[in-house]
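As a plain string of letters, each chain reads:
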Amino acid sequence: ARLVAVEFGGGRTGAITPVAILEPVQIGGVTVHRATLHNEDELRRKGLMLGDTVLVQRAGDVIPEVVKPVIENRTGQEQPVIMPTTCPECGFALVRAGQEAITRCPNPICPAQRVRGLIHFTSKSGMDIEGLGKKAVEQLVGQGLIQDIPDIYQLEAKSLVALEGWGDKSADNALAAIKASKT
């Protein structure tokens with residue numbers, strides 16, 4: 001596959017993770033467009049450049065990862081990957097403490113951290129609120145219906161039903177799951 005771009009996303013802990021954007025490639029019957037690059041050290045260790053032909057595998061037959069560039073396919077047109085110095089979500093200056101491999105956004109109110117934190121809270125490993133998955137949480141935050149955890153418990157059916165893709169049944173199911181999470 002060809003490495004087309006590298007995007008940098010923020011997680012719930014503020015970690016900024018590079019993600020490879022690839023020309024679509026079939027791996028084990030699955031079309032892969034994106035692959036993890038883990039962190040800046042891993043990116044540099046592999047010597048990846050934009051435009052490289054790269055070897056991609058599905059780690060554990062699940063998560064796509066870039067293994068290495070195919071150096072002999074380089075044309076001289078490849079460009080270095082530049083790590084951002086500011087958070088792609090909020091613009092705060094990024095930090096990398098001591099020997100840590102992770103570059104982080106130190107902004108405690110970074111929108112990416114807030115959304116990812118809410119997604120984690122509602123996920124199976126959190127409160128397991130059925131009906132409030134990643135896309136639903138992103139939609140609710142985007143529409144201004146929730147900003148933090150207490151807002152989840154203030155949601156009303158009429159607000160949910162008014163959103164695209166929500167009906168009476170999905171709103172009722174989500175509200176029942178929210179209520180059940182209280183116990």
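Residues numbered from 1 in each chain as written. Predicted model: local features only at pLDDT ≥ 70, side-chain atom pairs only at ≥ 80, totals over all residues. Heavy atoms only, no water.

1. Quick look at the packing of aromatic side chains
Then comes step 1: Per the stated rule, a full pass over the model turns up one aromatic pair.
Then comes step 2: Taking the centre distance of 6.5 Å and the plane angle of 85° together, the rings of Phe-121 and Tyr-153 count as edge-to-face. Remark: Tyr-153 occurs in the loop between α4 (149–152) and α5 (157–161) and Phe-121 occurs in helix α2 (residues 111–122); sequence separation between them is 32 residues.
Then comes step 3: Judged by relative accessible area, Tyr-153 falls into the partly exposed class, the value being 22%. (Phe/Tyr/Trp six-rings, centres within 6.5 Å; stacked < 30°, edge-to-face > 60°. Helix = DSSP H or I, 4+ residues; strand = E, 2+ residues; numbered from the N terminus. Buried < 20%, exposed > 50% of the residue type's maximum accessible area, 1.4 Å probe, protein only.)

2. Concerning the state of the cysteines
Then comes step 1: For the coordinates displayed, the defined rule picks out zero disulfides.
Then comes step 2: Its sulfur unpaired, Cys-90 is 3.5 Å from the next cysteine sulfur, which belongs to Cys-105.
Then comes step 3: With no disulfide of its own, Cys-110 lies closest to Cys-87 among cysteine sulfurs, the gap being 3.7 Å.
Then comes step 4: The exposure class of Cys-110 is buried, given its relative accessible area of 1%. (Disulfide = S-S within 2.5 Å.)

3. Side note on the packing of α2 against helix α3 (residues 134–142)
Then comes step 1: Where α2 contacts α3, the axes come no closer than 9 Å and their chain directions differ by 135°. As the angle between them shows, α2 and α3 are arranged oblique. Like other packed secondary-structure pairs, α2 and α3 cross with a definite hand, here right-handed. When α2 is examined against α3, the residues Arg-114, Val-115, Leu-118, Ile-119 and Thr-122 are found in contact with a partner set consisting of Lys-134, Val-137, Glu-138 and Val-141.
Then comes step 2: When the residues that make up the contact of α2 with α3 are grouped by side-chain class, the tally is five nonpolar, one polar and three charged. (Axes fitted to C-alpha atoms, helices over the stretch in contact; angles between N-to-C directions. Parallel < 35°, antiparallel > 145°, perpendicular 65-115°, else oblique. Left-handed = near helix turned anticlockwise from the far one by under 90°. Contact = heavy atoms within 4.5 Å. Nonpolar A, V, L, I, M, F, W, Y, C, P; charged D, E, K, R; others polar.)

4. Thoughts on the pattern of salt bridges
Then comes step 1: Overall, the coordinates contain 10 salt bridges when judged by the stated rule.
Then comes step 2: Glu-40 serves as the salt-bridge partner of Arg-96, at 3.3 Å between the closest nitrogen and oxygen. Within this pair, whereas Arg-96 is found in the loop between β7 (79–80) and β8 (103–104), its partner Glu-40 is found in helix α1 (residues 40–46), the two being separated by 56 residues in sequence.
Then comes step 3: Exposure remark for Arg-96: the relative accessible area of 32% places this residue in the partly exposed category.
Then comes step 4: A salt bridge links Glu-138 to Lys-134; its shortest N-O distance comes to 2.9 Å. Pair noted here: Glu-138 and Lys-134 are both in helix α3, with a separation of four residues, about one helical turn.
Then comes step 5: When salt bridges with common partners are traced through the structure, they connect Glu-40, Asp-41, Arg-44 and Arg-96 into a single cluster. (Salt bridge = Lys/Arg side-chain N within 4 Å of Asp/Glu carboxyl O.)

5. Some points on the pairing of strand β6 (residues 63–69)
Then comes step 1: Pairing geometry for strand β5 (residues 54–59) and β6, over six bridges, is antiparallel. Bridge pairing links Gln-57 to Glu-65 in β6.
Then comes step 2: Where β5 hands over to β6, the hairpin turn is made up of three residues, of which Gly-60 adopts a positive phi near 65°. (Pairing = 2+ DSSP bridges.)

6. Focus: the nonpolar core
Then comes step 1: One finds Leu-3, Ala-20, Leu-22, Leu-37, Leu-48, Val-54 and Val-66 to be the most contacted residues of the largest nonpolar core, which totals 22 residues.
Then comes step 2: Elements represented by at least two residues in this core include exactly β1 (3–10), β2 (15–27), β3 (30–36) and β5.
Then comes step 3: Each residue touching Leu-37, except ones within four places of it in the same chain, is listed here: Val-6, Pro-18, Val-19, Ala-20, Glu-42, Leu-43, Leu-48 and Val-66. (Core = buried A, V, L, I, M, F, W, Y, C linked by side-chain atoms within 4.5 Å.)

7. Observations concerning the pairing of β3
Regular strands place side chains that alternate from one sheet face to the opposite one.
Then comes step 1: Of the pairings in the sheet, the one linking β2 to β3 comprises six bridges and is antiparallel in character. Within the sheet, the bridge partner assigned to Ala-20 lies in β3 and is Ala-35.
Then comes step 2: Here β2 folds back onto β3 in antiparallel fashion, the turn holding two residues, of which Gly-28 has a positive phi close to 55°.

Treat this as a map of the structure, not an account of what it does.
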